[in-house]
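Here are the chains, one letter per residue:
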Amino acid sequence: MDADFDNENEMNIAAATSSEMRNIMKSVAATLVALTPSDQEPFLVASIYVPPGPNYRNLGADLDGIFNIFKSAFLVGDYNAKHTSWGCNYSDTRGNYLLRYITNNNLDLIAPPPQLDMERTPLPL
């Protein structure tokens, strides 16, 4: 699929970014889209999947690589991380690690509100 670029600079950014991202994302599966609004820095929209397992500690290096390239990024996905900060009933080791990463790097966390406990909370009719 060919991409349309307004100028050669946009094409060079896209090519460099594609190459860099392939070398950075080692422990996750991701679909990445770099957007460059007119007269602004490019930003990244990414859907990330982190497989379950003990290799989550590489996640920090992958995220660092993204933020070294993009000043702005919107990262969504399945991190296989549980934490009460994003509505889970409990926190696991990976969730604690991810929350520390978010906190230490001054990132914003956007998460859905906690789910209703359907056994104790009747839905309004």
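Anyway, here's the lowdown on the structure attached to this text. (Residues numbered from 1 in each chain as written. Predicted model: local features only at pLDDT ≥ 70, side-chain atom pairs only at ≥ 80, totals over all residues. Heavy atoms only, no water.)

Observations concerning helix α3 (residues 93-104)
Counting along an α-helix, one turn takes 3.6 residues, and residues three or four places apart therefore face a common direction.
Point 1. With 12 residues, α3 ought to run about 16 Å at 1.5 Å a step, and its terminal C-alpha atoms sit 16 Å apart, in line with that.
Point 2. The secondary structure elements touched by the buried residues of α3 are α2 (59-69).
Point 3. Between a side-chain oxygen at the N-terminus of α3 and the backbone nitrogen of R94 the separation is 3.3 Å; the capping residue is D92. (Helix = DSSP H or I, 4+ residues; strand = E, 2+ residues; numbered from the N terminus. Expected span 1.5 Å × (residues − 1). Contact = heavy atoms within 4.5 Å. Polar contact = N/O pair within 3.5 Å; in protein donor to acceptor, adjacent residues only side chain to side chain.)

Side note on the side chain of R94
Point 1. Following the sequence through the fold, R94 ends up in helix α3.
Point 2. In this structure, R94 is in contact with V50, P51, P52, G53, Y56, Y79, N80 and A81, ignoring residues within four places of it in sequence.

A look at the environment of F67
Point 1. Tracing the backbone through its elements, the reader meets F67 in helix α2.
Point 2. With 38 residues separating them in the primary sequence, F67 and N105 have C-alpha atoms 9.8 Å apart.
Point 3. Excluding its chain neighbours within four sequence positions, the residues that come into contact with F67 are A73, L75, Y101 and L107.

Comments concerning the nonpolar core
Point 1. If you look at the biggest cluster of nonpolar residues, it comprises 15 residues, and the most contacted ones within it are I48, V50, L59, L63, Y79 and L98.
Point 2. Listed by contribution, the elements that provide at least two residues to this core are β2 (43-49), α2 and α3.
Point 3. Every residue in contact with Y79, bar those within four places of it in the chain, is listed here: I48, V50, L59, R94 and L98. (Core = buried A, V, L, I, M, F, W, Y, C linked by side-chain atoms within 4.5 Å. Buried < 20%, exposed > 50% of the residue type's maximum accessible area, 1.4 Å probe, protein only.)

Things to note about the side chain of H83
Point 1. Relative to the elements of secondary structure, H83 occurs in the loop between β3 (72-78) and α3.
Point 2. Of the polar contacts made by the side chain of H83, one reaches the side chain of N96; its length is 3.2 Å.
Point 3. Once you skip the residues sitting within four places of it in the chain, H83 turns out to touch C88, Y90, S91, G95, N96 and L99.

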